[in-house]
Amino acid sequence: MVKPKKLAHLVIRVRDLERSKKFYTEVIGLHVTDQSSMMVFLAADTNASHELAFQAVGAEAKGPDAAGVGLQHFAWQMNTWEDLEAAYRKLKEHNVTITAIRDHAVSLGVYFLDPDGNQSEVFYELP
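Source: prediction; values computed, not measured. (Residues numbered from 1 in each chain as written. Predicted model: local features only at pLDDT ≥ 70, side-chain atom pairs only at ≥ 80, totals over all residues. Heavy atoms only, no water.)

### Overview of the packing of aromatic side chains
Then, in step 1: Taken as a whole and assessed by the stated rule, the structure comprises five aromatic pairs.
Then, in step 2: Geometrically, the ring pair formed by Tyr24 and Phe54 is tilted, given 5.2 Å between the ring centres and 45° between the ring planes. Highlighted residues: Tyr24 in helix 1 (residues 17–27) and Phe54 in strand 4 (residues 52–56), separated in sequence by 30 residues. Both residues of the pair, Tyr24 and Phe54, count as buried.
Then, in step 3: Look at Tyr24 and Phe74: their rings are 6.5 Å apart centre to centre, the planes differ by 25°, and that puts the pair in the stacked class. Taken as a pair, Tyr24 in helix 1 and Phe74 in strand 5 (residues 74–77) lie far apart in primary sequence, 50 residues in all.
Then, in step 4: Among the residues examined, Tyr24 registers a relative accessible area of 0% and is labelled buried.
Then, in step 5: Residue Phe74 is classed as buried on the basis of its relative accessible area, which comes to 9%.
Then, in step 6: Lying across the ring of Tyr111, Arg102 places its NZ or CZ 5.6 Å from the centre. (Phe/Tyr/Trp six-rings, centres within 6.5 Å; stacked < 30°, edge-to-face > 60°. Helix = DSSP H or I, 4+ residues; strand = E, 2+ residues; numbered from the N terminus. Buried < 20%, exposed > 50% of the residue type's maximum accessible area, 1.4 Å probe, protein only. Lys NZ or Arg CZ within 6 Å of the ring centre and 35° of its normal.)

### Considering the sheet that holds strand 3 (residues 39–43)
Then, in step 1: As summarised here, the arrangement of the four strands in space is 1-4-3-2, forming an open sheet in which the pairing is mixed. Unpaired on one side and paired on the other, strand 1 (10–14) and strand 2 (31–35) mark the two borders of the sheet. Sheet twist, expressed as the average angle between the axes of neighbouring strands with direction ignored, equals 25°.
Then, in step 2: Sheet topology note: the strand 2/strand 3 ladder contains four bridges and is antiparallel. By the bridge assignment, His31 is partnered in strand 3 with Ala43.
Then, in step 3: Against the sheet, helix 1 touches strand 1, strand 2, strand 3 and strand 4, its axis set at about 160° to strand 4. (Pairing = 2+ DSSP bridges. Axes fitted to C-alpha atoms, helices over the stretch in contact; angles between N-to-C directions. Contact = heavy atoms within 4.5 Å.)

### Quick notes on unusual backbone geometry
Then, in step 1: At Asn95, a residue that is not glycine, the phi angle is positive and equals roughly 55°.
Then, in step 2: Assignment of secondary structure puts Asn95 in the loop between helix 2 (81–93) and strand 6 (98–103).
Then, in step 3: On the accessibility criterion, Asn95 (70% relative accessible area) is exposed.
Then, in step 4: Phi at Ala105 is positive, roughly 75°, even though this residue is not glycine.
Then, in step 5: Structurally, the position occupied by Ala105 is in the loop between strand 6 and strand 7 (107–113).
Then, in step 6: A relative accessible area of 61% means that Ala105 is categorised as exposed.

See below:
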């Protein structure tokens, strides 16, 4: 039987590498682990080669289609309730579109859109 260890990384297509890099480093708090002319690799975990990568597809690329097949969202787990509150404030300070705040009974999540309209979440898992 196949049994993966964990999901190691996610690659998303973006229109502008620098804009996405700025968003995910300055607003979300990730750090760049590597970069080329067409790709940026980032991580929250300082031991990871990358957890998220961007591939440039150009300024004219169509955005995500909420009615079509594809990624709905990806999520970043926060260590504490206070970290989740701080992330929410940071999103608001940067005028990021918040699409939902949800209580999932086992976690609380704040859903938002990145500069290309990809939905992401910051969440705190309840003890």
